[in-house]
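# Coordinate inspection notes
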Amino acid sequence: MRWIVVANLLLGACYAPSAQSGSPCPDGVCPAPLVCSETTQTCETSPGIVEVTVDAQLRDGCTPSPELCGDGIDQDCDGLDPPCVANDEPAGAIDITAGGTFTTNLRYAHDDVAANGCSGDGGRDVFYSINLAAPRVYYFDTFGSSFDTVIRVYARSCATVGSGAMALACQNDACNVQQSQVAVSLPAGPSCVVIDQASSNETTGDVKLAVFAGSRDGMPLPAGTQTLTGNTSTASNVMDPSDTNCDGPGAGGNDLAYFFTVCPAQTLLLDAATCGGASWDTVLYVRDGNTTQIACNDDGNNCDGSRSRITNASISGGTLYWLVVDGFDADSSGAYTLKTNLR
């Protein structure tokens, strides 16, 4: 196929007025590259020739560069300056405190937050805000987004994030994909979540941000074999197990919780035990999200009578998961040693 670039200005200099596609050609002559159709006796593009009109801005010396929204400049020379999305800058941060799924497009957004050791520089970003009365755990993922995403979490307002140093958490490329997943304990007061492109090489910007608000605060549960210590004496009665075959609901025991995540389409197994690690009547249980119970044990076999053991609890992909150390009743609390294996 031959490509001919037609400059309308040049044609105008040779033909006054210049013939356009569809113009009549009763004498059988049309200006190149148009030819006279024998069927319609009009000027048409010849088969095998593609007519390309040179954009006026290119003729005037416009050099395309990555577009930025809302600055009154047409960087990519397409004749348009796209508007900015509402949360392109910190002042427009979208409130995600209640959780949910949020979509936007940051293809033309500004680059406000630097890499600071997490992924690359130059990616465009958008802002989301959370405001809490008390500390709580939140879960975030960007699965379903169209580009390599980075989730940056800050324990301060979006207005004070600045260039993005001192993030509470920053996560890139989770679950063997280029999207991100993270759960983190947020303090009381304002927090800010920034969704960023991994670098300036990203050319698309469709974001799908999933947010799950945990019902309580907690501590991260590391993968692999762990020995963890804690004390429920000064804790609160936040969660009671709902499985009456394990421990009746509303037992009133103080509890502490550990949180973790599982990738989509992934199944993990969890062992947990307070055997030999507490002098009081413990209960252990595992939950998916805030309410669904996966496993529970009170007075485990071969586990010092009133201590607890969970073995091979099967946990499949979802959002936020909890392992809770609880007391059988309001009189059961104290120091403990918890042995776990998340694998």
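Our subject is the structure that appears above.
If you're wondering where the values come from, they're calculated on a predicted model, not measured in any experiment.

## Remarks on the overall build of the chain
In terms of helices and strands, the chain carries two helices and 22 strands. The buried share of the chain, taken over its 343 residues, is 43%. In the chain, 70% of the contacts between residues at least 6 apart in sequence involve partners at least 24 apart.

## With respect to unusual backbone geometry
The phi dihedral of Asp-299 is positive, around 60°, even though this residue is not glycine. Inspection of the secondary structure puts Asp-299 in the loop between β19 (292-298) and β20 (309-316). Take Asp-299: its relative accessible area is 35%, and that puts it in the partly exposed class. One non-glycine residue, Asn-302, adopts positive backbone phi at about 55°. For Asn-302, the location among the structural elements is in the loop between β19 and β20. Using a relative accessible area of 77% as the deciding quantity, one classes Asn-302 as exposed.

## Focus on the nonpolar core
Inside soluble globular proteins, nonpolar side chains tend to come together where they are buried. Counting 24 residues, the largest nonpolar core has Leu-221, Tyr-258, Phe-260, Leu-270, Leu-323, Tyr-336 and Leu-338 as its most contacted members. For this core, the secondary-structure elements that each account for two or more residues are β16 (255-261), β17 (267-273), β18 (282-288), β20, β21 (320-327) and β22 (335-342). Among all residues touching Tyr-258, those that are not within four sequence positions of it are Met-219, Pro-220, Leu-221, Leu-228, Thr-229, Tyr-321, Trp-322, Leu-323, Val-325, Tyr-336 and Leu-338. With 23 residues, the next largest nonpolar core counts Leu-106, Tyr-128, Ile-130 and Leu-209 among its residues.

## With respect to the state of the cysteines
For the structure shown, the criterion picks out six disulfides. Bridging Cys-175 to Cys-263, the disulfide has an S-S length of 2.0 Å. Since a negative S-S torsion denotes a left-handed disulfide, the Cys-175-Cys-263 link at about -85° is left-handed. Taken as a pair, Cys-175 in the loop between β10 (169-172) and β11 (181-186) and Cys-263 in the loop between β16 and β17 lie far apart in primary sequence, 88 residues in all. Residue classification places Cys-175 among the partly exposed residues on the basis of a relative accessible area of 23%. Relative accessible area serves as the criterion here: at 16%, Cys-263 is assigned to the buried category. There is a disulfide in this structure between Cys-275 and Cys-303, and the S-S distance comes to 1.7 Å. Around the S-S axis, the bridge from Cys-275 to Cys-303 shows a dihedral of about -105° and counts as left-handed. With Cys-275 in the loop between β17 and β18 and Cys-303 in the loop between β19 and β20, this residue pair connects regions lying 28 residues apart in the sequence.

## Looking at the pattern of salt bridges
Scanning the model with the defined rule gives three salt bridges in all. As a salt-bridge pair, Asp-196 and Arg-152 come within 3.2 Å of each other at their nearest N and O atoms. Here the residue Asp-196 occupies a position in strand β12 (residues 189-197), and Arg-152 occupies one in strand β9 (residues 149-154), the gap between them amounting to 44 residues. As far as the burial class goes, Asp-196 and Arg-152 line up, both buried. As a salt-bridge pair, Arg-343 and Asp-271 come within 3.1 Å of each other at their nearest N and O atoms. Of this pair, Arg-343 sits in the segment after β22 while Asp-271 sits in strand β17; the two residues are 72 residues apart in sequence, bridging distant segments of the chain.

## Quick look at the packing of aromatic side chains
Within this structure, the stated rule accounts for four aromatic pairs. Geometrically, the ring pair formed by Phe-102 and Tyr-128 is tilted, given 6.3 Å between the ring centres and 55° between the ring planes. One end of the pair, Phe-102, is in strand β6 (residues 100-105); the other, Tyr-128, is in strand β7 (residues 125-132), and 26 residues separate them in sequence. As far as burial versus exposure is concerned, Phe-102 and Tyr-128 are alike and both buried. Seen in terms of ring centroids, Phe-260 and Tyr-321 are 5.7 Å apart; in terms of plane orientation they differ by 20°. Their pairing is stacked. With Phe-260 in strand β16 and Tyr-321 in strand β21, the pair connects residues that are 61 residues apart, well separated along the chain.

## So, the layout of surface pockets
Approximately 250 Å³ is the volume attributed to the largest pocket. Contributing to the lining of the largest pocket are 16 residues, with Pro-66, Glu-67, Arg-107, Arg-124 and Glu-202 lying nearest its centre. Partitioning the lining of the largest pocket into residue classes produces four nonpolar, six polar and six charged.

So, how was this worked out
Residues numbered from 1 in each chain as written. Predicted model: local features only at pLDDT ≥ 70, side-chain atom pairs only at ≥ 80, totals over all residues. Heavy atoms only, no water. Helix = DSSP H or I, 4+ residues; strand = E, 2+ residues; numbered from the N terminus. Buried < 20%, exposed > 50% of the residue type's maximum accessible area, 1.4 Å probe, protein only. Contact = heavy atoms within 4.5 Å. Core = buried A, V, L, I, M, F, W, Y, C linked by side-chain atoms within 4.5 Å. Disulfide = S-S within 2.5 Å. Salt bridge = Lys/Arg side-chain N within 4 Å of Asp/Glu carboxyl O. Phe/Tyr/Trp six-rings, centres within 6.5 Å; stacked < 30°, edge-to-face > 60°. 1 Å grid on protein atoms, 1.4 Å probe; cavity = no way out; pocket = protein on both sides within 12 Å on 5 of 7 lines; lining within 4 Å. Points joined across faces, edges and corners; volume = space filled by probe spheres on them. Nonpolar A, V, L, I, M, F, W, Y, C, P; charged D, E, K, R; others polar.

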